[in-house]
Each structure stands twice: as structure tokens, then as C-alpha cells.
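Given next are the chains, with one letter for each unit.
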Amino acid sequence: QVQLVQSGGGLVQAGGSLRLSCTASGHTFSTYAMGWFRQAPGKERDFVAAIRWTGGSTYYADSVKGRFTISRDDAKNMMYLQMNSLKPEDTAVYSCAAASSYILRYSVSGAYDTWGQGAQVTVSS
């Protein structure tokens, strides 16, 4: 089983940048893909980005394309989300997730079986 621990997040002004990190431990060799999701108050959890662990293919929500970059460091078992040009509407709790088996749709939260503890990102206008 994989465990995920997040770091990063915080408060930033609109137009600023933040980086989120997610460290995986345990049976990381079984990870098929990892992703980032976010949930704003009173809203459903939304897909942000995902990366296939083997090959490194990346997938993004339209709302963050060109502004956010997902990446991984195999040697450190870490995943990152670099967020640039942040907007107030990016304010949410961001969670990393891992899928241990093949998934068809990276944007579906139910496809992931392990989750990080979440981190608040607040973008002020």
C-alpha cells in the first residue's frame, strides 16, 4: 500500500506562484498514475492534473492548462504541482492521489485509491 504526504500550499496574491509536493512511501512500485484534485468550499472535488508514472504522460484540466505543471521525481518518489499565474478561482484544498492499477479516465477521482492529507491554497485578489 502507498502512503502520500503533502507539503506546500499557503496564501498568495493573484498572479503569483506556488508549488505543491507529494511524497509517496510504501509500495510505490505499484503506482500506475498520480494526480492532483482540488475542492473549493461548497463545491465538488475537481480534477486538476495527472501524470502516468511510467512514461510520464501528463493530463490537465482545461482551467489550468498553460498555468500549472505536474511533474515527478522517480528517485525521490515525489510528485509536484507548479502553479503559476494563480487566480482567485484557484482557491481550494488541493489533494494528491495515487492509483495502483490501470485507470481509463485520469480525471475521475474514484479511480484513485490513495489520497494525501490535503493542503489549502488561497489566492487573494
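Residues numbered from 1 in each chain as written. Predicted model: local features only at pLDDT ≥ 70, side-chain atom pairs only at ≥ 80, totals over all residues. Heavy atoms only, no water.

1. Quick notes on the sheet that holds strand E8 (residues 78-83)
- Reading across the sheet, the 4 strands line up as E1-E3-E8-E7 and stay open at both edges, with antiparallel pairing between neighbours. One side of each edge strand has no neighbouring strand; the edge strands of this open sheet are strand E1 (2-8) and strand E7 (68-73). Taken over all neighbouring pairs, the strand axes of this sheet differ in orientation by 20° on average, direction set aside.
- Sheet topology note: the E1/strand E3 (residues 18-26) ladder contains 7 bridges and is antiparallel. Residue pairing in the sheet places Gln3 in a bridge with Ser25 of E3. (Pairing = 2+ DSSP bridges. Helix = DSSP H or I, 4+ residues; strand = E, 2+ residues; numbered from the N terminus. Axes fitted to C-alpha atoms, helices over the stretch in contact; angles between N-to-C directions.)

2. Looking at the pairing of strand E9 (residues 92-99)
- The buried fraction of E9 is high, at 7 of 8 residues.
- In this sheet, E9 lies alongside strand E4 (residues 33-39) in antiparallel orientation, the contact comprising 7 bridges. Of the residues in E9, the one forming a bridge with Ala33 is Ala99.
- Examined bridge by bridge, E9 and strand E11 (residues 119-124) share 3 bridges and lie antiparallel to one another. Paired with Ala92 across the strands is Val121, a residue of E11. (Buried < 20%, exposed > 50% of the residue type's maximum accessible area, 1.4 Å probe, protein only.)

3. A few points about the state of the cysteines
- For the structure shown, the criterion picks out 1 disulfide.
- Paired by a disulfide, Cys22 and Cys96 hold their sulfur atoms 2.1 Å apart. Measuring the twist about the S-S bond at about 65°, one finds the Cys22-Cys96 disulfide to be right-handed. Taken together, the residues Cys22 in strand E3 and Cys96 in strand E9 connect sequence positions 74 residues apart. Like Cys22, the residue Cys96 is buried in the burial classification. (Disulfide = S-S within 2.5 Å.)

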